[in-house]
Amino acid sequence: MNSVPTHFQLLTHCTDAELESICERRHITIPIRWKERPDGSKSLIKSMIYHLEDHHHLSSALASLQESELLTLKRLTEGQQPPARLVTNLFSLGLILPSNPEYRDSWVVPDRVK
């Protein structure tokens, strides 16, 4: 039985630079010196989840999308991978995340976004 990865687990598949990019695009405050802390990534991800899953912030991000991007999200929930030309924008907004930490060819929509 496959368990669905949590938003936290999916964000751990991202590099520090990718996490920072998502924060910048979604206007999430990045804690000062988070990289210097032993639990810095974990702390940043927990903070990100709060903002990424917040209804107001999520609604604003979805409202900013073009129709083709919304359809891509819908199709991805049905198992169809997104076209490469749309991945960068959707990923940088944290609306899709890599399903595997080693590869960037398989994407998923976090449960809260569905």
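The structure presented is a predicted model; accordingly, all values stated were derived computationally and were not measured.

Student: Any chance you could explain unusual backbone geometry here in plain terms?
Tutor: A positive phi is found at histidine 27, a non-glycine position, where the angle reads about 60°. Tracing the chain through its elements places histidine 27 in the loop between α2 (16-25) and α3 (40-53). The backbone of arginine 33 sits at a positive phi, close to 55°, despite the residue not being glycine. Looking at the secondary structure, you find arginine 33 in the loop between α2 and α3. The class for arginine 33 is exposed, based on a relative accessible area of 58%.

Student: What is the right way to look at the environment of threonine 77 in this model?
Tutor: Examined against the element boundaries, threonine 77 turns out to sit in helix α5 (residues 67-77). Separated by 73 residues in the primary sequence, threonine 77 and valine 4 place their C-alpha atoms 12 Å from one another. Separated by 2.5 Å, the side chain of threonine 77 and the backbone oxygen of lysine 74 make a polar contact.

Student: What exactly am I supposed to notice about the environment of proline 82 here?
Tutor: Checked against the element boundaries, proline 82 lands in the loop between α5 and α6 (84-92). According to the relative accessible area criterion, proline 82 is buried, its value standing at 12%. In the structure, proline 82 is positioned 58 residues away from glutamate 24 in sequence and 23 Å away in space, judged by C-alpha atoms. In this view, proline 82 contacts Thr72, Leu76, Val87, Ile96 and Trp107; residues no more than four positions away in its chain are not counted.

Student: Can you walk me through the nonpolar core in this structure?
Tutor: Nonpolar side chains tend toward joint burial in soluble globular proteins. Counting residues in hydrophobic clusters, the biggest one holds 29 residues, and the most contacted among them are Leu11, Met48, Leu95 and Ile96. Within the residue set of this core, elements represented by two or more residues are α1 (7-11), α2, α3, α4 (55-63), α5 and α6. Of the residues forming this core, the biggest block, five residues, is contributed by α3. Residue contacts for isoleucine 96: discarding those within four places in its chain leaves Leu73, Leu76, Pro82, Val87, Leu90, Phe91, Trp107, Val108, Val109 and Pro110.

The rules we used
Residues numbered from 1 in each chain as written. Predicted model: local features only at pLDDT ≥ 70, side-chain atom pairs only at ≥ 80, totals over all residues. Heavy atoms only, no water. Helix = DSSP H or I, 4+ residues; strand = E, 2+ residues; numbered from the N terminus. Buried < 20%, exposed > 50% of the residue type's maximum accessible area, 1.4 Å probe, protein only. Polar contact = N/O pair within 3.5 Å; in protein donor to acceptor, adjacent residues only side chain to side chain. Contact = heavy atoms within 4.5 Å. Core = buried A, V, L, I, M, F, W, Y, C linked by side-chain atoms within 4.5 Å.

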